[in-house]
Amino acid sequence: MLTIEGMTKHFNGSPVIADFSLTVKENGFAALIGPSGCGKSTFFDLLMGVVPPETGTIRWHARAVADLSHLAAYMQQADLLLPWLGLADNARLPADLAGRPADASNRRVRALFERLGLAGFEAYLPSMVSGGMRQRCALARTLMFGRDLVLLDEPLSALDAITRRRLQQMLRLLQTEFRKTILMVTHDIEEALLLADELLVLTDAPMRTAARLTIAAAHPRRMEDPELVAIKHRVLAMLQAERPT
């Protein structure tokens, strides 16, 4: 279980995150959604130790840690693939950097590429494949870290709508098949409703929790579900109240 308590951060004297707390249960999938500029990406920087918080405690399985840089796999909006390496070599990087045996790592990458529809493209350079395939490779690389906690910072926002819908189901594999605990930032309300178990609606900066909503609908979900439609309208109203047009 991931627990954040009382996290605060200022930049140039202005509060960005104010006494923020959350809990993500083991094997849970929580999504954060809020106005642009409310502090979501800063929050992930704090979690990963890129910048230090002024106050706050991070606990992973009840153990206090300074940050999550050695505990979480972090998948960002940009795929960050190295352009001179083939897809399989890019995916294998976490294992190579950790000094794991090459044979076992290669078998793991082959199995992941088969599962993610990348079999046959192992030697292709990132420039030779679509954006969706690059993000699938980035997902394979995320899994190669072998960590139980995954942070997702709008990993699908640069993709077209059709590719995005297909990859959303692959993100669900992180929880259902690979048994990961997931914390995701997204601007897409429907994406959050289709994937997450809990949705935290955030205030404008300084970032606080305006509401925490449980999404109990069974998977696979469809946005035509009246329960999801009702939650979507509620979230839209809260976001509109935070930043009226």
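Scroll up for the structure.
Residue numbers here run from 1 along each chain, matching the order of that chain's written sequence. The predicted nature of this model means local features are confined to residues of pLDDT at least 70 and side-chain atom pairs, given and counted, to a pLDDT of 80 or more, with totals for whole chains, interfaces and linings taken over all residues. Hydrogens are left out, water is left out, and the side-chain values use all remaining heavy atoms of the structure.

J.: Is there a simple way to think about helix 3 (residues 102-115) in this case?
T.: Because each turn of an α-helix spans 3.6 residues, side chains separated by three or four positions in sequence point in the same direction. Between the first and last C-alpha of helix 3 there are 20 Å, a value that for 14 residues agrees with the 20 Å anticipated at 1.5 Å per step. Only protein chains enter the accessibility calculation, which uses a 1.4 Å probe. A residue is then buried if its area is under 20% of the maximum for its type, exposed if over 50%, and partly exposed in between. Put simply, DSSP H or I for four residues or longer makes a helix, DSSP E for two residues or longer makes a strand, and each gets a number counted from the N terminus. Burial in helix 3 covers these residues: S105, V109, L112 and F113. Each buried residue of helix 3 lies within a common arc of 100° when the element is viewed along its axis, so the set occupies one face. Of the residues in helix 3, the exposed ones pointing more than 90 degrees away from the buried face are D103, R107 and E114. Contact definition: two residues touch when any of their heavy atoms are within 4.5 Å. Elements in contact with the buried residues of helix 3: helix 2 (87-97) and helix 4 (131-144). Directly beyond the C-terminal end of helix 3, a positive phi value near 75° is found at G117. A helix is expected to reach a length of 1.5 Å times the quantity of its residues less one. The directions from the helix axis to the C-beta atoms are what the arc is built from.

J.: Honestly, the pattern of salt bridges in this entry has me stumped. Any pointers?
T.: Proximity of charged atoms lets side chains of opposite charge pair with each other. Here, a salt bridge means any side-chain nitrogen of Lys or Arg that lies within 4 Å of a carboxyl oxygen of Asp or Glu. Scanning the entire structure with this criterion turns up 11 salt bridges. The partner of E190 in a salt bridge is R165, and the shortest N-O contact between them spans 3.2 Å. Of the two residues, E190 is situated in helix 6 (residues 189-195) and R165 in helix 5 (residues 161-176); the sequence distance between them amounts to 25 residues. Residue classification places E190 among the partly exposed positions, given a relative accessible area of 22%. For R165, a relative accessible area of 35% translates into the label partly exposed. Beyond isolated ion pairs, a larger network of salt bridges with shared partners links D89, R92 and D96.

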